[in-house]
Amino acid sequence: MNNRTASVLAIAGLLIILAAAALPFFHLPRTAAAITYSAGAALLLAGRLLTKAPEGASLRLKRLLRMEVWAALVFVAGAVFLWMPIKPGEGAGNDWLAFTLAGGILTAYSSLMIPRTK
């Protein structure tokens, strides 16, 4: 598998995560959002794990590519929190939003810095 296929997997995963994050605004069941978000997180993680650093890549580029893998793992953690049941009196159960924002910030930073480093 080449980096182009891995990139397509990662982009598809990010778009699916984006769609899943919007589902609660349309008052769809939480299960639908959890299934969609989990599928996107799995695709993103697969794409990031299959991405290989180019030959002769600098240490900084390798670290940025590793940061993308960690960002995908943060989205996976968000998917885990989305599957946790909401118990009465313990809040709204929106911890997955914090992980989504953290993963988004890491993804945005690495996507801006990787082209500059190359």
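Heads up: the structure comes first, above all this text.
Starting afresh in each chain, residues are numbered from 1 along the sequence in its written order. Restriction of local features to residues with pLDDT of at least 70 applies here, the model being predicted, together with a cutoff of 80 or more for giving and counting side-chain atom pairs; totals for whole chains, interfaces and linings are based on all residues. Values shown for side chains rest on all heavy atoms present in the structure; no hydrogens or waters enter the calculation.

A. Here's a closer look at the nonpolar core. Put simply, buried Ala, Val, Leu, Ile, Met, Phe, Trp, Tyr and Cys residues joined by side-chain atoms within 4.5 Å make one nonpolar core. We call a residue buried when its accessible area falls under 20% of the maximum for its residue type, exposed when it is over 50%, and partly exposed in between, using a 1.4 Å probe and counting protein chains only. The biggest cluster of nonpolar side chains holds 16 residues, and the ones touching the most others in it are I17, Y37, A41, L44, F75, L82 and W96. Counting only elements with at least two residues in this core, the list comes to α1 (3-22), α2 (30-50) and α3 (59-83). We call two residues in contact whenever any of their non-hydrogen atoms come within 4.5 Å of each other. Among all residues touching L82, those that are not within four sequence positions of it are R30, A33, A34, Y37 and W96. Counting residues in hydrophobic clusters, the runner-up holds six residues, among them L64, L65, M113 and I114. Note on conventions: DSSP H or I runs of at least 4 residues are helices, E runs of at least 2 residues are strands, and numbering of each starts at the N terminus.

B. Examining the packing of α3 against helix α4 (residues 95-117) more closely. For helices, the axis comes from a line fit to the C-alpha atoms of the stretch in contact; other axes are also lines fit to C-alpha atoms, and the angle between any two N-to-C directions lies between 0 and 180 degrees. Remark: α3 packs on α4, axes separated minimally by 8 Å, with the N-to-C direction vectors making an angle of 165 degrees. Viewed along their axes, α3 and α4 adopt a mutual orientation that is roughly antiparallel. Seen along the crossing, α3 lies across α4 with a hand that is left-handed. When its residues are assigned to classes, the contact of α3 with α4 shows 17 nonpolar, seven polar and three charged. Angles below 35 degrees are treated as roughly parallel, those above 145 as roughly antiparallel, those between 65 and 115 as roughly perpendicular, and all remaining angles as oblique. Two helices cross in a left-handed way if the nearer one is turned anticlockwise from the farther one by less than a right angle. They cross in a right-handed way if the turn is clockwise. Note on residue classes: Ala, Val, Leu, Ile, Met, Phe, Trp, Tyr, Cys and Pro are nonpolar, Asp, Glu, Lys and Arg are charged, and everything else, Gly too, is polar.

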